[in-house]
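Each chain is listed here by its residues.
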Amino acid sequence: GDSVTQMEGPVTLSEEAFLTINCTYTATGYPSLFWYVQYPGEGLQLLLKATKADDKGSNKGFEATYRKETTSFHLEKGSVQVSDSAVYFCALSPTSGSRLTFGEGTQLTVNP
Amino acid sequence: DTEVTQTPKHLVMGMTNKKSLKCEQHMGHRAMYWYKQKAKKPPELMFVYSYEKLSINESVPSRFSPECPNSSLLNLHLHALQPEDSALYLCASSEYRVQFFGPGTRLTVL
């Protein structure tokens, strides 16, 4: 079956540091890939998405590129802020259907 | 507008109570979902409605009863819950394989 593996957290960075959260997946066909962010006490917000190989999703300074050859969708940001502190979930949706498979989530804390 | 709304935001109930969670979206999405999320874990799928019909039930106990009165509304009726059912309950709707989540209802069962 489909699966998503995220780098284990928690991750703690200083403000303005570079962020990478690794995500790899296993799926047949051509899944769509997503990053969701969950701030404390809130629901999940769609951060960015990519629907085909080599697509780059971007939003709020975050980027991720759909790499089919390495089955990866790593999240990056050049300069994190305290307000980026949250839990980040990588997820995929299969070729047919919209059922989401989530990674375990990565807790990010950014210190001033 | 990509908003999914949920009410109430917080709910405390006893094990003998009956309560309902409500979810609403006005994006014209034809698929709607209920998830349960425990602390520090990803959401777990409970139910999926497609075109107002229940299409997936992930073997959820019968004390949780979903209802989809129309294409914009989704309810989750709760009865005789257990303390281990305390969690964040998330609603989502989707279009073209992209799911949009509501803010959730934080449920505490005493």
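Description of the structure in this document. (Residues numbered from 1 in each chain as written. Chains lettered and ligands numbered in written order. Predicted model: local features only at pLDDT ≥ 70, side-chain atom pairs only at ≥ 80, totals over all residues. Heavy atoms only, no water.)

Focus on the pairing of strand β5 (residues 44–50) of chain B
All names here are of chain B. In terms of burial, β5 is largely enclosed, as five of its seven residues are buried. Pairing of strand β4 (residues 31–37) with β5, which is carried by six bridges, proceeds in the antiparallel orientation. Looking across to β5, one finds that Tyr 33 is bridged to Val 48. Hairpin geometry of β4 and β5 is characterised by an intervening segment of six residues between the two adjacent antiparallel strands and by a positive phi of about 65 degrees at Lys 40. Strand direction decides the pairing type here: β5 and strand β6 (residues 53–57), joined by four bridges, are antiparallel. Looking at the pairing, Tyr 49 lines up with Leu 54 of β6. (Buried < 20%, exposed > 50% of the residue type's maximum accessible area, 1.4 Å probe, protein only. Helix = DSSP H or I, 4+ residues; strand = E, 2+ residues; numbered from the N terminus. Pairing = 2+ DSSP bridges.)

Comments concerning the pairing of strand β2 (residues 11–14) of chain A
Residue and element names in this part refer to chain A. Residues Val 11 and Leu 13 line the buried face of β2, whereas the alternating positions Thr 12 and Ser 14 sit on a face that is not buried. Examined bridge by bridge, β2 and strand β12 (residues 106–111) share four bridges and lie parallel to one another. By the bridge assignment, Val 11 is partnered in β12 with Leu 108.

A word on the sheet that holds strand β3 (residues 19–21) of chain A
All names here are of chain A. An order of β3-β9-β8-β7 is seen for the four strands of this open sheet, with the pairing classed as antiparallel. The open sheet has two edge strands with one neighbour each: β3 and β7 (56–59). Strand-to-strand twist of the sheet, defined as the mean angle between neighbouring strand axes without regard to direction, takes the value 15 degrees. The sheet contact formed by strand β8 (residues 62–65) and strand β9 (residues 75–77) spans three bridges and is antiparallel. Note that in β9 the partner of Phe 62 across the bridge is Lys 77. (Axes fitted to C-alpha atoms, helices over the stretch in contact; angles between N-to-C directions.)

Considerations on the side chain of Gln 6 of chain A
Residues and elements named next belong to chain A. With respect to the secondary-structure elements, Gln 6 resides in strand β1 (residues 3–6). A polar side-chain atom of Gln 6 sits 3.0 Å from the main-chain amide nitrogen of Cys 90. If sequence neighbours within four positions are ignored, Gln 6 has contacts with Ile 21, Asn 22, Cys 23, Trp 35, Tyr 88, Phe 89, Cys 90, Gly 103, Glu 104, Gly 105 and Thr 106. (Polar contact = N/O pair within 3.5 Å; in protein donor to acceptor, adjacent residues only side chain to side chain. Contact = heavy atoms within 4.5 Å.)

Quick notes on unusual backbone geometry
Here the bond from Gly 9 of chain A into Pro 10 of chain A is cis, since omega is -10 degrees, no more than 30 degrees from zero. Turning to its location among the elements, Pro 10 of chain A is positioned in the loop between β1 and β2. Residue Pro 8 of chain B follows Thr 7 of chain B across a cis peptide bond; omega there is -10 degrees. Looking at where Pro 8 of chain B falls in the secondary structure, it is placed in the loop between β1 (4–7) and β2 (10–13). Even without glycine at this site, Lys 60 of chain A takes up a positive phi of about 55 degrees. Along the polypeptide, Lys 60 of chain A turns up in the loop between β7 and β8. Given a relative accessible area of 52%, Lys 60 of chain A falls into the exposed group. Residue Arg 97 of chain B is not a glycine yet carries a positive backbone phi of 70 degrees. Tracing the sequence through the fold places Arg 97 of chain B in the loop between β9 (87–95) and β10 (98–101). Overall, Arg 97 of chain B belongs to the partly exposed group, its relative accessible area being 21%.

So, the environment of Arg 106 of chain B
Residues and elements named next belong to chain B. When you line up the elements, Arg 106 lands in strand β11 (residues 105–109). The partly exposed category is assigned to Arg 106, whose relative accessible area is 35%. Taking the C-alpha atoms as reference points, Arg 106 and Met 46, 60 residues apart in sequence, are found 16 Å from one another. Aside from chain neighbours lying at most four places away, what touches Arg 106 is Lys 9, His 10, Leu 11, Ala 87 and Leu 88.

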